[in-house]
Amino acid sequence: MQTNRLLTLAKQALLTFTVSLILFAPISGLVLEGFSFRNELTRAVLLAALVAAGRVALSLVGMTAIGRKIAGKAASNGSGVTVMTGKEKSPALILGLIFLAGLSLPFFADKYFLGIAILALIYCLLGLGLNIVVGLAGLLDLGFVAFYAVGAYLLALGAQYLGLGFWSALIIAPFLAGLCGMVLAFPVLKMHGDYLAIVTLGFGEIIRLVLNNWLEFTGGPNGASVPPPTLFGLEFTRTAKQGGVPLHDYFGIAYSADYKFWFIYLVLFLVVCLVVYAVERLRVMPLGRMWEALREDEIACRSLGVNHVFTKLTAFMLGASTGGLAGVFFAVHQGFVNPTSFTFFESALILAIVVLGGLGSTVGVIAAALVLTILPELLRDFAEYRVLVFGVLMVVMMIWKPRGLVRVQRPAFFPSTAVKGAGTAPLSASPEAVR
Amino acid sequence: MNTPLLDVRNVTMRFGGIVANRNVSFSVERGGVTALIGPNGAGKTTMFNCITGFYRASEGQILLDGPNGPQDIGTLITKPITGGSHLVTRAGIARTFQNIRLFKEMSVVENLLVAQHLVTANNLVSGVLRTPAFRRAEREAVDRAYHWLGEMNLTDDANRLAGELPYGRQRRLEIARAMCTGPKLICLDEPAAGLNPSETRELSEVIQRLCKEHGQTVLVIEHDMGLVMRISDHVVVLDHGEVISDGTPEHVGNDPAVIAAYLGVSEEEVEK
Ligand SMILES: Nc1ncnc2c1ncn2[C@@H]1O[C@H](COP(=O)(O)OP(=O)(O)OP(=O)(O)O)[C@@H](O)[C@H]1O
Ligand SMILES: [Mg+2]
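Predicted, not measured: the structure shown is a model, and the values here were computed from it.

K.L.:
Mind showing me how you'd approach the overall build of chain B here?
P.N.:
For chain B, the helix and strand inventory stands at 12 helices and 10 strands. Here the C-alpha radius of gyration of chain B, 20 Å, is about what a compact globule of 272 residues would show, namely 19 Å. Dimensions of chain B, computed from the C-alpha atoms along their principal axes, are close to 75 × 45 × 40 Å. Sorting the 272 residues of chain B into buried and exposed places 56% on the buried side. Once local pairs closer than 6 in sequence are excluded, the contacts in chain B between residues at least 24 apart make up 66%. Entry remark: accessible area of chain B is about 11,400 Å², with carbon and sulfur atoms responsible for 49%.

K.L.:
Got a minute to help me understand the coordination of the magnesium ion (ligand 2) in this structure?
P.N.:
Any two of four tetrahedral donors ideally make an angle of 109.5 degrees at the metal, while pairs among six octahedral donors ideally make 90 or 180 degrees. Residue and element names in this part refer to chain B. Around the magnesium ion (ligand 2), the protein supplies T45 (OG1) and Q98 (OE1) as donor atoms, at distances of 1.8 to 2.2 Å. With T45 in helix α1 (residues 44–51) and Q98 in the loop between β6 (93–95) and α4 (108–115), this pair connects stretches of sequence that are 53 residues apart. Under the relative-accessibility criterion, T45 is labelled partly exposed at 24%. Here Q98 falls in the partly exposed class, since its relative accessible area comes to 30%.

K.L.:
Before we go on, may I ask you to explain the site of ligand 1 in this structure?
P.N.:
Residue and element names in this part refer to chain B. Taken together, 13 residues lie around ligand 1, and N40, K44, T45, T46 and H223 are the ones closest in. In this structure, an oxygen atom belonging to ligand 1 sits 2.8 Å away from a side-chain N or O atom of N40. Within the contact set of ligand 1, an oxygen atom lies 2.8 Å away from a side-chain nitrogen or oxygen of H223. For ligand 1, whose unbound accessible area comes to 640 Å², protein coverage reaches 65%. Among the elements that line the shell around ligand 1, the one with the most residues is α1, at 3 residues. Class assignment of the residues belonging to the shell around ligand 1 gives a composition of 4 nonpolar, 7 polar and 2 charged.

K.L.:
Explain unusual backbone geometry to me, please; I cannot follow it from the model alone.
P.N.:
Across the chain, the bulk of peptide bonds are trans and the bulk of non-glycine residues have phi less than zero. Residue and element names in this part refer to chain B. Look at N23: it is not a glycine, yet its phi comes out positive at around 50°. Mapped onto the elements, N23 comes out in strand β2 (residues 18–28). Classification of N23 as partly exposed rests on a relative accessible area of 47%. For H240, which is not glycine, the phi torsion reads 50° and is therefore positive. By the element assignment, H240 lies in the loop between β9 (234–239) and β10 (242–247). The exposure class of H240 is exposed, given its relative accessible area of 63%.

K.L.:
For this particular structure, what's the right way to read the pattern of salt bridges?
P.N.:
Opposite charge on two side chains permits pairing when their charged atoms draw close. Tallied over the full model, the rule gives 20 salt bridges over all chains. Of the charged contacts, one joins R295 of chain A and E296 of chain A as a salt bridge, the two residues approaching to 3.3 Å between their closest N and O atoms. Taking the relative accessible area as the measure of exposure, R295 of chain A reaches 27% and is therefore partly exposed. On the basis of relative accessible area, E296 of chain A is assigned to the partly exposed category, the value being 22%. With a shortest N-O distance of 3.3 Å, R172 of chain B and E202 of chain B are connected by a salt bridge. Pair noted here: R172 of chain B is in helix α7 (residues 167–179) and E202 of chain B is in helix α8 (residues 197–214), with a separation of 30 residues, a long-range link.

K.L.:
What am I meant to see in the interface of chain B and chain A here?
P.N.:
As a measure of interface size, the accessible area lost when the parts come together is often cited. Each partner contributes residues to the interface: chain B has 45 residues there, and chain A has 44 residues. Here chain B meets chain A over a buried area of about 4,100 Å², counting both sides, of which 60% is carbon and sulfur. Scanning the region where chain B abuts chain A turns up 3 salt bridges. Residue E110 of chain B pairs with R410 of chain A through a salt bridge whose shortest N-O separation is 2.9 Å. At the level of elements, α3 (85–91), α4, α5 (124–129) and α6 (132–151) of chain B are the ones that each hand at least two residues to the side of chain B that touches chain A. The biggest single contributor to the side of chain B that touches chain A is α6 of chain B, with 10 residues. Looking at side-chain class alone, the side of chain B that touches chain A contains 16 nonpolar, 14 polar and 15 charged residues.

K.L.:
When you look at the domain arrangement of chain A in this model, what are you seeing that I'm missing?
P.N.:
Here the domain parsing of chain A yields domain 1 (2–76) and domain 2 (92–227 + 254–408). Its C-alpha centre places domain 1 of chain A at a distance of 38 Å from the equivalent point of domain 2 of chain A.

K.L.:
Explain a nonpolar patch on the surface here, please?
P.N.:
All names here are of chain A. A cluster of nonpolar residues, F382, Y385, L388, V389, V392, V395, V396, I399 and W400, forms a patch on the protein surface that exposes about 880 Å² of accessible area. Along the polypeptide, V389 turns up in helix α17 (residues 386–400). Among the residues examined, V389 registers a relative accessible area of 34% and is labelled partly exposed.

Conventions and cut-offs
- Residues numbered from 1 in each chain as written.
- Chains lettered and ligands numbered in written order.
- Predicted model: local features only at pLDDT ≥ 70, side-chain atom pairs only at ≥ 80, totals over all residues.
- Heavy atoms only, no water.
- Helix = DSSP H or I, 4+ residues; strand = E, 2+ residues; numbered from the N terminus.
- Rg over C-alpha atoms; globule rule 2.2 N^0.38 Å.
- Buried < 20%, exposed > 50% of the residue type's maximum accessible area, 1.4 Å probe, protein only.
- Contact = heavy atoms within 4.5 Å.
- Areas by Shrake-Rupley, 256 points an atom, 1.4 Å probe, with all protein chains shown as cover.
- Donors = N, O, S within 2.8 Å, 3.2 Å for Na, K, Ca; no water.
- Near = heavy atom within 4 Å.
- Polar contact = N/O pair within 3.5 Å; in protein donor to acceptor, adjacent residues only side chain to side chain.
- Nonpolar A, V, L, I, M, F, W, Y, C, P; charged D, E, K, R; others polar.
- Salt bridge = Lys/Arg side-chain N within 4 Å of Asp/Glu carboxyl O.
- Buried area = accessible area lost by both parts, 1.4 Å probe.
- Domains from an automatic or database assignment.
- Patch = residues over 30% accessible without salt bridge, like charges linked within 9 Å, V, L, I, M, F, W, Y side chains within 5 Å.

In structure tokens form, the structure reads like this:
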């Protein structure tokens, strides 16, 4: 019995060691030096030994009672979707507290942290938008960054050519991005899965390449500058540049560059709250239900009279609109846009946010967006390994929680009055969807 | 009043060289159960797909009687831009599938709510703002969903995931979902497949109740001859894509052509 175990352990260790040696030898065992390379095989062997030791340690822990308990817990989260009972406590109090905390953040945070918070919220917005397309409607979109770019460039170029300001861009961006979403959606709606992914990937690249190569109009790789935001004609710069009054002059306070970020943060925070509310509402609305039904089974949807083309179109457009909004905030926050901000990596990052968070789960997407933007900042010291950590995180997540961080919960519904033939229905007084 | 609800006229359906239906004609009378039977691969499901608008019949017409006279299903599907099978459902034909197609990761009630998307206020703004009109429409939809759950004895499962239900209940849920679209004609593709005898009995009661109490017209494909003989008013037999017999259950049951092609001879008769 004992020797048997030891034997399997040794086998495991050997296998792990060999596999990791094969992996590490070319990656870290050979170091380029000018035109030749140096052998650093001991390093690779060391790394492989480390991995093998880790594997053995894991197995040993797995054999103890506690380890088994943990493994059982991690594996038992089944389908990942549950229906609410309708008896859940209303989360209003917690949501209210989070809202107040979010609003008061600028008064505590320093400029550096506020910048990260703004970025995190922008990714929240992007995640929420892509979640509509991928999580709810089940359409794999790899070119989401295109709509983000549309929003950002709308503000930059709109200011340059048409004199658009932050607020008008904020209102126009969702519509323009939605229109782009529609243009993209028309040819691709008849496609499924992989084909759709490839076409959207192409679309994302097309937008980036156009922005990069249309020098006269977009400024090409040099990008375009974005005017700072205004608030009812008040400007956040030291001296008025857009024909308004500087904020600090108007209120008679000292100038601080932070005000601009406070302002962007607060507007962004409110917009994110509105979008979260809208998305949460959508999930209990006919349109949102049709999206999810379409993800589950398109043929069944058609048999129920759902116009699948139109429904997919709305998902694409609303998702794109949200992406466009995020773009405006990104542009105004950076004060400058250029095509390198809108590469495929960005699309992949947003997709990772949605998948990590749990397809279709709003809370999950927000959590994942915060984690994936704040974590890299905390890991600044390991900047070189960011992508590695990111990859490991993805692999671990897919093994332990393939359905994402947060379980999707379906709302419960109860009839308003005693319905004929319903013998044992729980007759709740609330006719509304309980959320 | 004598026009049938559904009139299938000389329908031929080809897939390349395969002829799945050849020159099929039959009609479905209002308020009764019409059964479509035949051996495997006879083209029954293909016929259903033509009727419900999933396929465009290669030749022939399928006419659904409506307030403005008979309407050809084919023209609904081929309408430019807006056309498609969803229009057929909106015209009043609902269906279930041979392989159950539920929205498995949605709750039972949500499955039924999706089916009612046309009657609920489908307006973005009113939904996000929760206007009274929206809330009333939602309330009515939920009540209607519970009504049909009650009819199908599924009320206890209302707030469970559809995919968690036992097989027999999933079958009934699919019927409930189809009924929620408010159809004139409901097409059931092998509703008793995979059910045990007691579930089959329950199903036949459900179908009979649909007809008697709700005046629902039913078109059903079924291999369980006991069920077919018990519930149907009219039987159409397909073999190799062609109609080989058409009439009352007694007539069809004694038709030599049907016995030879599908029913076979009972054991006692063989021994004689
Ligand atoms: N999409 C298709 N493409 C090509 N051939 C098809 C297609 N659909 C059906 N067929 C063929 O048409 C014939 C009839 O099939 P159908 O599914 O209608 O049979 P059925 O009567 O429903 O049989 P069962 O009782 O097994 O359900 C079969 O020979 C099948 O191979
Ligand atoms: Mg069939």
